[in-house]
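Structural features, examined
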Amino acid sequence: QVQLVESGGGLVQPGGSLRLSCAGSGRTFSRYYMGWFRQAPGKEREFVAAITPGGGSTRYSDSVKGRFTISRDNLKNTVYLQMNSLKPEDTAVYYCAADRAPIADKWNDNDYWGQGTQVTVSS
């Protein structure tokens, strides 16, 4: 099992940047596929980005490609989401996910979740 704790959310103006962090517990963190999802009010949780255990491969949703970057530091048991050129439509609760299999786009096909961190993009 792995426990996940997100941090780094907050209020930012359009065009600004934020970096989210997700700290994982346990000595097997480096074996997990990791991902970020988000959920806006009244909407279903949606896939944002994913990274392989070694960090060598990443993928993104079309809505964030070119603006967001997922990375990980296995020595620190942490995965990051660097968010640049933020837009109001990026406003959501952002969740970190982990799985021993590749991260699935459908949120409830992934095994482990953090509690979420709120990101609000507004002037």
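**Digging into the packing of aromatic side chains**
The tally for this structure, following the rule as stated, stands at five aromatic pairs. Relative to Y112, the ring of Y32 has its centre 5.9 Å away and its plane inclined at 80 degrees; by these criteria the two rings are edge-to-face. Taken together, the residues Y32 in the loop between β3 (18–24) and β4 (33–39) and Y112 in strand β10 (residues 112–113) connect sequence positions 80 residues apart. Looking at Y112, the relative accessible area reads 22%, which means it is partly exposed. On the numbers, 6.4 Å between centres and 80 degrees between planes, the contact of Y95 with W113 is edge-to-face. Here Y95, found in strand β9 (residues 92–99), pairs with W113, found in strand β10; they are 18 residues apart in sequence, far enough to count as distant. According to the relative accessible area criterion, W113 is partly exposed, its value standing at 22%. The structure contains a cluster of three or more aromatic residues connected by ring pairs, namely F37, F47, Y95, W107 and W113. The aromatic ring of Y95 is capped on one face by R45, whose charged end is 3.7 Å from the ring centroid. The positively charged end of R45 is found above the aromatic ring belonging to W107, 4.8 Å away from the centroid.

Thresholds, definitions, all that
- Residues numbered from 1 in each chain as written.
- Predicted model: local features only at pLDDT ≥ 70, side-chain atom pairs only at ≥ 80, totals over all residues.
- Heavy atoms only, no water.
- Phe/Tyr/Trp six-rings, centres within 6.5 Å; stacked < 30°, edge-to-face > 60°.
- Helix = DSSP H or I, 4+ residues; strand = E, 2+ residues; numbered from the N terminus.
- Buried < 20%, exposed > 50% of the residue type's maximum accessible area, 1.4 Å probe, protein only.
- Lys NZ or Arg CZ within 6 Å of the ring centre and 35° of its normal.

Shape is all these values report; function is a separate question.
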